[in-house]
Amino acid sequence: MFKWQVQAVEPKTDFTLLITFAKGKKRLFDCKKYLFDDAWYAQQLKDIDFFMKAKADHFTVMWSEDLDIAPEYLYEKSVKVK
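First things first, this report covers the structure right here in the doc. (Residues numbered from 1 in each chain as written. Predicted model: local features only at pLDDT ≥ 70, side-chain atom pairs only at ≥ 80, totals over all residues. Heavy atoms only, no water.)

## Thoughts on the pairing of strand β2 (residues 16-21)
- The buried fraction of β2 is high, at 6 of 6 residues.
- Here strand β1 (residues 6-11) hands over to β2 after 4 residues, with F15 in that stretch at a positive phi of 65°.
- In this structure, β2 lies alongside strand β3 (residues 26-30), joined through 5 bridges in antiparallel fashion. When the sheet's bridge partners are listed, L17 is paired in β3 with F29.
- Between β2 and the antiparallel strand that follows it, β3, lie 4 residues; K23 among them carries a positive phi value of about 65°. (Buried < 20%, exposed > 50% of the residue type's maximum accessible area, 1.4 Å probe, protein only. Helix = DSSP H or I, 4+ residues; strand = E, 2+ residues; numbered from the N terminus. Pairing = 2+ DSSP bridges.)

As structure tokens, this is what we get:
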């Protein structure tokens with residue numbers, strides 16, 4: 001099992017994700033900077049109802065079949081939570 005495999009995710013109304021990775025390590029990923037991106041996914045993520053549908057699937061965070069974030073990126077760009 002890789003340390004960056006997502007086991008669970010809890011989306012927060014401040015557009016952050018509390019992610020539980022392998023071995024129970026919890027980290028916080030801030031999505032706010034991605035909301036103002038010109039990419040196609042930014043419009044979807046700005047919708048708080050859509051954002052709150054984040055789920056852990058296939059060892060990463062997914063919102064839909066077309067929208068996920070690579071688990072190793074989530075791990076690298078998140079901060080440790082005690």
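## Digging into the nonpolar core
- By size, the foremost hydrophobic cluster in this structure holds 20 residues, and its most contacted members are L17, I19, F29, V61, W63 and L74.
- Broken down by element, this core gets its largest block of residues, 3 residues, from β2.
- Contacts of I19, omitting those with residues within four sequence positions, involve V6, A8, V9, K25, K26, R27, F29, V61 and L74. (Core = buried A, V, L, I, M, F, W, Y, C linked by side-chain atoms within 4.5 Å. Contact = heavy atoms within 4.5 Å.)

## Some remarks on the packing of aromatic side chains
- Per the counting criterion, the structure on display carries 8 aromatic pairs.
- Look at F21 and Y75: their rings are 5.0 Å apart centre to centre, the planes differ by 85°, and that puts the pair in the edge-to-face class. Taken together, the positions of F21 in strand β2 and Y75 in helix α3 (residues 71-77) put the pair 54 residues apart, joining distant regions of the chain. Y75 matches F21 in its accessibility class, with the two residues each being buried.
- Ring geometry for F51 versus W63: centroids 5.9 Å apart, planes at 35°, classification tilted. Remark: W63 occurs in strand β5 (residues 60-64) and F51 occurs in helix α2 (residues 48-51); sequence separation between them is 12 residues. In terms of burial, F51 and W63 fall into one category: buried.
- Taken together, F15, F51 and W63 form an aromatic cluster joined through their ring pairs.
- We note R27 situated over the ring of Y75; from NZ or CZ to the ring centre the distance is 4.5 Å. (Phe/Tyr/Trp six-rings, centres within 6.5 Å; stacked < 30°, edge-to-face > 60°. Lys NZ or Arg CZ within 6 Å of the ring centre and 35° of its normal.)

This is a description of form; function is not addressed.
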